[in-house]
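Examining the three-dimensional arrangement
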Amino acid sequence: MMRKAIFFLILGLFFIGHTQLNAQGSEIYNGGINIPVGQDSSKNIRIILLNQFWAKWVENNPGTVGANGELAEHSFDIGVRRARATIYSQITPRFLIFTQIGINNQTFINGGAPGQGPKKPQLFFHDAWTEYSVVSQVNPSSGEKNPFSLALGMGLHFWNGVSRFSNASVVSFMTLDLPVFNFPNIEQSDQFGRQFGIYAKGKAGPLDYRFHLNKPFVSGSLENVNTESAVDIPSDKPALGGYVAYEFLEPEGNLTPFRTETYVGTKRVFNLGAGFYHQPEASGFLDVSGDLERQDHTSWAVDAFLDYPFGIRGMAITAYSVLYNYDYGTDYYRSVGVMNTAAGQASSPTGFEGDVSIDGFGNAEPLLGTGSIFLTQAGLLLPDNWLGSLGKLQPFARVELKNLDYLDDSILNTDLGLNWFIEGHHAKITLQYGTRELFIRQAGENISNDRLGQWTLQTQIYI
């Protein structure tokens, strides 16, 4: 209880301090950071800087051991969720170069460089690609938009298939963060959602499209193949993927691959989309004879996105729903614990009696697997006069329903939160409470045994 009280005290002080200090208008950004190239002021290099910090209070999985080596029923942490620097330039409409570097998930106990513990994390490339325009979106002679456009690119890219969330912009979340299962190969055969590949993207009337031929990173090991569930194994097969959205209202930009999660009342968008991803022989499973059975990774999704301002006081509704289907082999299953700060888990530590989670310690939970996942979320942007010059508020909610072959019970996760847009997405604070289901193994079955919670406070500034 003392740790929870400290967390909410910090939260209250933080909100009071920022209420007094932040009331600037959007003109302070003036288009962001641009470095002119040559004598032509229209030619420049764009730089984007992003920092996202989290403060978390977590109900840990049973049997979790903290950094001090003792049982830890709860944990509190402050860390870096993302720190990024993006540089890109389109000196002419004919070509574009895009690079993004940064770090993720550094806490007081992990996330550092090899041999450094939690300290001095290594910068790495999130994105690095080159792109060439084949058919421009704008006719250079008339200045009018072409009904069809096409650009081709290659590199370590984010032009993903499967869903809108698989192409999400990290600076424009409505909820605190992505659910992670929107990246079907996260940190296995991809590099934080990216793979090497060749992509094609563009517009065809009301359709926004992107397709890729990728060479996924080698992941997994043949030594881990077993008779219980399929696991990732090395595969040298290329992967195909794509995503197409029908834009019923205002079209969205596609200079970069990143899809906005909420426009904060500045755009009318309604899209229906569908996508897929397929890599052959990327999973392994031992059959009844003990022989290796190579299985494919195949996923598809259908989704709908609405962002619509209404009323006369700046209100807007934002809603998104998506259905994923994963077929990654027999009972394929993965767990995740985002910014997990627990030191470990003991099966029978001193003072602990009970069943431990099949997903591990800390805030680890079921991520994805062969089966289906449905997500729906919605947010309401409140009237301008609620905060006036102090910004805008947006309460939101999200529900996830997972039916995974490996588990004997379905999963229901819920999240409730509030965005305080001090200066749109450029400066915002988000508070979210989420619940997750705890799964244990009992009588040979993987069943839901409890529900645990997590409070997270995020601060974000990007320019």
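The numbering scheme is per chain: residues are counted from 1 as the chain's sequence reads. Only residues with pLDDT of 70 or above have their local features reported here, since the model is predicted, and side-chain atom pairs are shown and tallied only from 80 upward, although totals for entire chains, interfaces and linings are computed over all residues. Values shown for side chains rest on all heavy atoms present in the structure; no hydrogens or waters enter the calculation.

1. Focus: unusual backbone geometry
Here Glu-281, not a glycine, exhibits a phi torsion of approximately 55°, which is positive. Residue placement: Glu-281 occurs in strand 12 (residues 269-286). Working definition: with a 1.4 Å probe on protein chains only, accessible area under 20% of the residue-type maximum means buried, over 50% means exposed, and in between means partly exposed. Using a relative accessible area of 31% as the deciding quantity, one classes Glu-281 as partly exposed. Of note, the phi angle at Asp-331 is positive, near 55°, even though the residue is not glycine. Of note, Asp-331 is situated in the loop between strand 14 (315-327) and strand 15 (333-336). Helix numbers and strand numbers start at the N terminus; a helix is a DSSP run of H or I with at least 4 residues, a strand a run of E with at least 2.

2. A short note on the nonpolar core
Ranked by size, the top nonpolar core spans 46 residues in total, and within it Phe-181, Tyr-324, Ile-373 and Leu-407 carry the most contacts. Within the residue set of this core, elements represented by two or more residues are strand 2 (44-59), strand 5 (95-106), strand 12, strand 13 (292-310), strand 14, strand 17 (365-369) and strand 18 (371-381). The leading source of residues in this core is strand 14, at four residues. Excluding its chain neighbours within four sequence positions, the residues that come into contact with Phe-181 are Tyr-324, Tyr-326, Leu-367, Leu-368, Ile-373, Leu-375, Glu-400 and Lys-402. We define a nonpolar core as any set of buried Ala, Val, Leu, Ile, Met, Phe, Trp, Tyr and Cys residues linked to one another through side-chain atoms lying within 4.5 Å. Among the nonpolar cores identified, the runner-up in size contains nine residues, and Leu-393, Trp-420, Ile-422 and Ile-429 belong to it. Contacts between residues were defined by any pair of non-hydrogen atoms, one from each residue, lying within 4.5 Å.

3. Points about the layout of surface pockets
The space that makes up the largest pocket amounts to roughly 880 Å³. Here a cavity is any set of points on a 1 Å grid over the protein atoms alone where a 1.4 Å probe fits but cannot get out, and a pocket is any open set with protein on both sides within 12 Å along at least 5 of 7 lines; a residue lines the site when it has an atom within 4 Å of a point. Ile-48, Ser-169, Val-171, Thr-256 and Tyr-462 are, among the 34 residues lining the largest pocket, the residues nearest its centre. Contributions of two or more residues to the lining of the largest pocket are made by strand 2, strand 4 (74-92) and strand 5. For the lining of the largest pocket, the per-class residue count stands at twelve nonpolar, 16 polar and six charged. The calculated volume of the second largest pocket comes to roughly 480 Å³. Lining the second largest pocket are 26 residues; nearest its centre among them are Asn-105, Val-180, Ile-186, Glu-187 and Phe-192. Three classes are used, and their members are as follows: Ala, Val, Leu, Ile, Met, Phe, Trp, Tyr, Cys and Pro are nonpolar, Asp, Glu, Lys and Arg are charged, and the others, Gly among them, are polar. Of the residues belonging to the lining of the second largest pocket, the class tally is 13 nonpolar, six polar and seven charged. Grid points are joined across faces, edges and corners, and a volume is the space filled by probe spheres set on the points.

4. Structural notes on the side chain of Gln-195
Position of Gln-195 relative to the elements: it lies in strand 8 (residues 195-204). We classify Gln-195 as buried; its relative accessible area is 3%. Counting of polar contacts relies on pairs of N or O atoms within 3.5 Å, with two restrictions inside protein: one atom must be capable of donating a hydrogen and the other of accepting it, and residues adjacent in sequence are counted only when both atoms are side-chain atoms. In this structure the side chain of Gln-195 is engaged in a polar contact, spanning 3.0 Å, whose partner is the backbone oxygen of Ser-189. A polar contact of 3.0 Å, which involves the side chain of Gln-195, links it to the side chain of Asn-214. Apart from residues no more than four positions distant in its own chain, Gln-195 is found in contact with Gly-155, Leu-156, His-157, Asn-185, Ser-189, Asp-190, Asn-214, Pro-216, Phe-217 and Tyr-277.

5. Regarding the packing of aromatic side chains
Two aromatic rings from Phe, Tyr or Trp, using only the six-membered ring of Trp, form a pair when their centres are within 6.5 Å; if the ring planes differ by under 30 degrees the pair is stacked, by over 60 it is edge-to-face, and anything between is tilted. Enumeration over the complete set of coordinates arrives at 22 aromatic pairs. Each ring, one from Tyr-88 and one from Phe-98, has its centre 5.4 Å from the other, and the planes form 15°; the classification is stacked. In this pair, Tyr-88 is assigned in strand 4 and Phe-98 in strand 5, connecting sequence segments ten residues apart. Between the aromatic rings of Trp-129 and Trp-159, the centroid separation amounts to 6.4 Å while the plane-to-plane angle is 70°, which identifies the pairing as edge-to-face. On the criterion of sequence distance, the pair formed by Trp-129 in strand 6 (residues 124-135) and Trp-159 in the loop between strand 7 (150-157) and strand 8 is long-range, its members being 30 residues apart. Residue classification places Trp-159 among the buried residues on the basis of a relative accessible area of 0%. Within the aromatic cluster, the residues linked to one another by ring pairs are Tyr-88, Phe-98, Trp-129, Phe-158, Trp-159, Phe-183, Tyr-199 and Phe-258. We call a charge positioned above a ring when the Lys NZ or Arg CZ atom is no farther than 6 Å from the ring centre and deviates by at most 35 degrees from the ring normal. For the cation-ring pair, Arg-81 lies above Trp-54, with the distance from its terminal atom to the ring centre recorded as 5.2 Å. Its end group placed over the ring of Tyr-308, Arg-268 keeps NZ or CZ at 5.4 Å from the ring centre.

6. With respect to empty space enclosed by the protein
Overall, the coordinates contain four cavities of 30 Å³ or more when judged by the stated rule. Quantified by volume, the largest cavity comes out at close to 460 Å³. Around the largest cavity, the lining is made up of 28 residues, and of these Glu-365, Arg-398, Asp-415, Gln-432 and Gln-454 lie nearest the centre. At the level of elements, strand 17, strand 19 (392-404), strand 20 (411-423), strand 21 (427-442) and strand 22 (445-462) are the ones that each hand at least two residues to the lining of the largest cavity. Looking at the lining of the largest cavity element by element, the count peaks at five residues for strand 21. A volume near 130 Å³ is recorded for the second largest cavity. Surrounding the second largest cavity, 15 residues form its lining, Asn-160, Pro-184, Asn-185, Gly-193 and Tyr-277 being those nearest its centre. Of the residues assigned to the lining of the second largest cavity, the class counts are four nonpolar, nine polar and two charged.

7. What to know about the side chain of Gln-458
With respect to the helices and strands, Gln-458 occurs in strand 22. For Gln-458, a relative accessible area of 1% gives the class buried. A polar contact is formed between the side chain of Gln-458 and the side chain of Trp-54, at a distance of 2.8 Å. With residues near it in sequence (within four places) discarded, Gln-458 still touches Gln-52, Phe-53, Trp-54, Leu-176, Lys-428, Ile-429 and Thr-430.

8. Here's the deal with the confidence of the model for the chain
Looking at any residue, its pLDDT shows the predictor's confidence there, from 0 to 100. With 91% of its residues at a pLDDT of 70 or more, the chain has an overall mean of 91. Taken together, the stretch residues 1-27 has pLDDT below 50 and engages in 30 contacts with residues farther than four places along the chain or on a different chain.

9. So, the pairing of strand 5
Should DSSP find at least two bridges between two strands, the strands are regarded as paired. Inspection of the sheet shows strand 4 paired to strand 5 by ten bridges, in the antiparallel sense. If you follow Arg-84 over to strand 5, its bridge partner there is Gly-102. Hairpin remark: strand 4 followed by strand 5, antiparallel, with two residues in the connecting loop. Pairing between strand 5 and strand 6: eight bridges, direction antiparallel. Paired with Gly-102 across the strands is Phe-124, a residue of strand 6.

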